[in-house]
Amino acid sequence: MPIMEKQTTSDRDNQVLPKVPVPPLKQTLDTYLKCVQHLVKEEQFKKTKAIVEKFGAPGGVGEVLQKKLLERRDKTTNWVYDYWLEDMYLNNRLALPVNSSPVMVFPKQMFRDHKDALRFAARLIRGVLDYKVLIDARALPVDFARGQLAGTPLCMEQYYRLFNSYRYPGLKTDMLKVQKNTASSVPEHIIVACKNQFFVLDVVANSKQLNETEILSQLEKIMKMAENPEERLPPFAREALIKDQTNRESLALIESCLCVVCLDEPGRLEPSDTNRALMMLHGGGFEKNGANRWYDKSMQFVIGMDGVCGVVCEHSPFEGIVLVQCSEYLMKYITGSPSKMARASSIRELPPPRRLLWKYNPHIQGLLAASQDRLQRLVNDLDMDVFKFKDYGKEFIKKQKMSPDALIQVALQLAFYKCSTRLVSTYESASIRRFQEGRVDNIRSATPEALAFVIAMTDERGAFTDSEKIKRLRDAINAQTNYTIAAITGMAIDNHLLGLLKISKELNMQKPEIFCDETYLASNQFILSTSQVPTTLEMFCCYGPVVPNGYGACYNPQSDHIIFCVSSFWENTQTSSTVFVKALNEGLLEIRDLCNRSSAAATKLAESSHGGSHRKQ
């Protein structure tokens, strides 16, 4: 690690980081054709190739848009940031739970009773306050890239949005607001959800932060107040709500809170990894804990009375790795330092927590009923399978001199091919945080090389030798690794094509043919949406599919095992998480056996040639 590791962050970090580049137009168009050729029919590809050549021709539309994009790069800190945020999140009209908000599932907690659960919640809140102090002081150590091109410092901006972001829903598009840290008059508070009711818990009293014991006593008061449900329904329907002053005030308190803490009722399901994941993703629907949430807030910490805990995050302000770093800090805080419970005699007299009040009418009740139904449909439709692959992990893969991430991506392609005898447009998120305000671009893992490998592996006639298969595996892994390096250095194609499309809109041009082409539209339907979210503690991240006929596949490689969270929708008969997981398990074992046979053959070859020279002496 570079010596910089210990430096604290300040605004100078962004000055040292370069701006996101705009790749050369020809390079992007050539890569695009290479990415789609083997995924569409030959006739269709011919048509696409002609359209792309026309777009990229000298003096053509592409050159005009590229020139404008380069001007935009000079004028902005990050030319793609706003375009990407709107396209990826804010313009997306799907419900946030399952479709958009990823979750981190904490290790299962062994609570003896609700008092234990509240103690855990109080410690967690104290941990959040401590972490926020580090963020506000810009005192977090700088992250450095790991994996490919390790050691580069990364942009830290996403951390500064963890606790002060709110996604305001709109009709056509949402708005992400980040409150700049000001010593404002608003006292710092969190919102606690309990039995589908919302409470304000001030974490500062007389300009002094509450200690753990004080927070615990406030949480106990909230649980008591929640037993007495004068105000039952939590509202969702913003437009109708804000017509009333009481509702506007309640919403303002939620929008300005640090985070939401959800005290959940026991889910009454066996506490398997899969069930804990479901509880985080949608709360089990309205009947269980589904209404005990506020999805527009960036961080919702869930503490179930049955020990099912985790965090749900609104994805537009930050990526998974930031969620991991924050979660690991909190877990270490909770288990690491001895409890700082003060003696009862030293507790201050605090004003009690306040219940948020809502006024609602038949119209709002109708909207709420519709929201309930929509959430229930999502709950019923989500097919989730959390699978721990125990036969090997990163260590074995590294011994083969292969990148763990690349091998897992190739294994996902093999699993998909086993299920449907074709490859499809695949998304793997690649961090571009080595650039100012960098978020992500896409690694298109369904490479021609991956297709050649999966065809060899699934060939029934046994036409391929082991040496041909291992060669194809290495080619697939190299192709994946090279695309990864291109993506993290700002040279992938998805952000670039999106930028060209958005510029054409800004210039009020007719939409260029390349973006109306069937191939382009299909290439942006990510039937396989994947992401590596590694952790150092026993926890895992998961999310739902991004298209109705797709899979979400989040994975967490450890030294001797790999956790996969595979999601799909029951309603779509082409997909099944169980079938996919079975194919994935099978494929990973086949890859291991192939590697083992190949190394054994190589060893034997080396020995026989070595033995031969020995006899000559």
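All values reported here derive from a predicted model rather than from experimental measurement.

1. What about the overall build of the chain?
When helices and strands are tallied, the chain shows 20 helices and 18 strands. In terms of overall size, the chain behaves like a compact globule, its C-alpha atoms giving a radius of gyration of 26 Å where 617 residues would be expected to give roughly 25 Å. Taking all contacts inside the chain whose residues are at least 6 apart in sequence as the whole, residues at least 24 apart take part in 76%. Both charge centroids of the chain, one from 78 positive and one from 71 negative side chains, sit 2 Å from each other.

2. Some words on the environment of lysine 195
With respect to the element layout, lysine 195 can be found in the loop between strand E4 (189-194) and strand E5 (197-202). Separated by 368 residues in the primary sequence, lysine 195 and isoleucine 563 place their C-alpha atoms 32 Å from one another. A polar atom in the side chain of lysine 195 sits 3.0 Å from the side chain of glutamate 265.

3. Quick word on the pattern of salt bridges
Evaluated as defined, the whole model comprises 38 salt bridges. Among the salt bridges present, the one from arginine 293 reaches aspartate 264, with a minimum N-O distance of 2.7 Å. Taken together, the residues arginine 293 in the loop between helix H10 (273-282) and strand E9 (299-304) and aspartate 264 in strand E8 (residues 260-264) connect sequence positions 29 residues apart. Taking the relative accessible area as the measure of exposure, aspartate 264 reaches 3% and is therefore buried.

4. Considering the sheet that holds strand E1 (residues 103-105)
Read across the sheet, 8 strands follow the order E11-E5-E4-E8-E9-E10-E1-E16 without closing on themselves; strand pairing throughout is mixed. Only two strands of the sheet have a single neighbouring strand rather than two, namely strand E11 (354-355) and strand E16 (540-542). In this structure, E1 lies alongside E16, joined through 3 bridges in antiparallel fashion. Bridge assignment links valine 105 to a residue of E16, and that residue is phenylalanine 540. Along the sheet, helix H7 (residues 212-226) makes contact with E4, E5, E8 and E11, crossing E5 at roughly 155 degrees.

5. Regarding the sheet that holds strand E18 (residues 562-569)
The 6 strands are arranged E12-E18-E17-E15-E13-E14 in an open sheet whose pairing can be described as mixed. The sheet terminates laterally at strand E12 (382-389) and strand E14 (440-443), the two strands that pair on one side only. The mean angle between the axes of side-by-side strands here comes to 20 degrees, regardless of whether they run parallel or antiparallel. As defined by bridge partners, strand E13 (residues 426-431) adjoins E14 across 4 bridges and the pair is classed as antiparallel. What sits directly across from serine 431, in E14, is valine 440.

6. Comments concerning unusual backbone geometry
Trans is the prevailing form of peptide bonds, just as negative phi is the prevailing case for residues other than glycine. Even without glycine at this site, arginine 138 takes up a positive phi of about 50 degrees. Checked against the element boundaries, arginine 138 lands in the loop between helix H6 (114-136) and strand E2 (165-168). Classification of arginine 138 as partly exposed rests on a relative accessible area of 24%. Although it is not a glycine, leucine 149 sits at a positive phi angle of roughly 50 degrees. Looking at where leucine 149 falls in the secondary structure, it is placed in the loop between H6 and E2.

7. Quick notes on the nonpolar core
Taken as a class, soluble globular proteins show a tendency for nonpolar side chains to be buried jointly. By size, the foremost hydrophobic cluster in this structure holds 99 residues, and its most contacted members are Leu162, Phe163, Leu219, Leu263, Met299 and Ile303. Examining the composition of this core, we find that 11 residues originate from one element, H6, more than from any other. Here this core spans two domains, since at least three of its residues come from each of domain 1 (87-383) and domain 2 (390-492 + 525-605). Beyond its immediate chain neighbours, meaning those up to four positions away, phenylalanine 163 contacts Val128, Tyr131, Lys132, Ile135, Cys257, Leu258, Cys259, Lys297, Met299, Phe301 and Cys326. With 45 residues, the next largest nonpolar core counts Ile408, Phe453, Ile470 and Phe580 among its residues.

8. Observations concerning the domain arrangement of the chain
Domain annotation of the chain identifies domain 1 (87-383) and domain 2 (390-492 + 525-605). Once you take the C-alpha centre of each, domain 1 and domain 2 turn out to be 33 Å apart. On the domain 2 side, the residues contacting the 43 residues of domain 1 number 36 residues. Carbon and sulfur atoms supply 58% of the area that domain 1 and domain 2 bury against each other, a total of about 3200 Å² over both sides. The largest share of the area that domain 1 buries against domain 2 comes from Gln148, Asp381 and Asp383, three residues that together contribute 23% of it. The tally of links from domain 1 across to domain 2 stands at 2 salt bridges. Two residues, arginine 433 and aspartate 143, come together in a salt bridge whose shortest N-O distance is 2.8 Å. Inspection of the domain 1/domain 2 interface yields 18 residue pairs in polar contact (both at pLDDT 80 or more). For the side of domain 1 that touches domain 2, the secondary structure elements donating two or more residues are helix H5 (81-90), E1, H10, helix H11 (320-336), helix H12 (362-381) and E12.

9. Examining the confidence of the model for the chain
Model confidence for the chain is summarised by a mean pLDDT of 93, while 92% of its residues fall at 70 or above. Low pLDDT, under 50, characterises residues 613-617; the stretch is placed with 0 contacts to residues that sit more than four places away or in other chains.

10. Brief notes about the packing of aromatic side chains
In this structure the tally under the stated criterion is 17 aromatic pairs. Measuring from centroid to centroid gives 5.6 Å for tryptophan 84 and tyrosine 89, while their planes differ by 80 degrees, and the two rings are edge-to-face. An angle of 70 degrees between the planes, with centres 5.3 Å apart, marks the rings of tyrosine 427 and phenylalanine 526 as edge-to-face. With tyrosine 427 in strand E13 and phenylalanine 526 in the loop between helix H19 (518-523) and strand E15 (528-532), this residue pair connects regions lying 99 residues apart in the sequence. Assessed through its relative accessible area of 12%, tyrosine 427 is described here as buried.

11. What about the pairing of E5?
Burial analysis of E5 places 5 of its 6 residues in the buried class, the great majority of the element. As paired strands, E4 and E5 are joined by 6 bridges and run antiparallel to one another. The residue bridging cysteine 194 from the neighbouring strand is glutamine 197, located in E5. Between E4 and E5, which pair antiparallel in sequence order, lie 2 residues; one of them, lysine 195, sits at a positive phi of approximately 50 degrees. Here 2 bridges tie E5 to E11, and the two strands are oriented antiparallel to one another. The residue of E11 that forms the bridge with valine 200 is arginine 354.

Parameters and conventions
Residues numbered from 1 in each chain as written. Predicted model: local features only at pLDDT ≥ 70, side-chain atom pairs only at ≥ 80, totals over all residues. Heavy atoms only, no water. Helix = DSSP H or I, 4+ residues; strand = E, 2+ residues; numbered from the N terminus. Rg over C-alpha atoms; globule rule 2.2 N^0.38 Å. Contact = heavy atoms within 4.5 Å. Lys, Arg positive; Asp, Glu negative; His and termini not counted. Charge placed at Lys NZ, Arg CZ, Asp CG, Glu CD. Polar contact = N/O pair within 3.5 Å; in protein donor to acceptor, adjacent residues only side chain to side chain. Salt bridge = Lys/Arg side-chain N within 4 Å of Asp/Glu carboxyl O. Buried < 20%, exposed > 50% of the residue type's maximum accessible area, 1.4 Å probe, protein only. Pairing = 2+ DSSP bridges. Axes fitted to C-alpha atoms, helices over the stretch in contact; angles between N-to-C directions. Core = buried A, V, L, I, M, F, W, Y, C linked by side-chain atoms within 4.5 Å. Domains from an automatic or database assignment. Buried area = accessible area lost by both parts, 1.4 Å probe. pLDDT = per-residue confidence, 0-100. Phe/Tyr/Trp six-rings, centres within 6.5 Å; stacked < 30°, edge-to-face > 60°.

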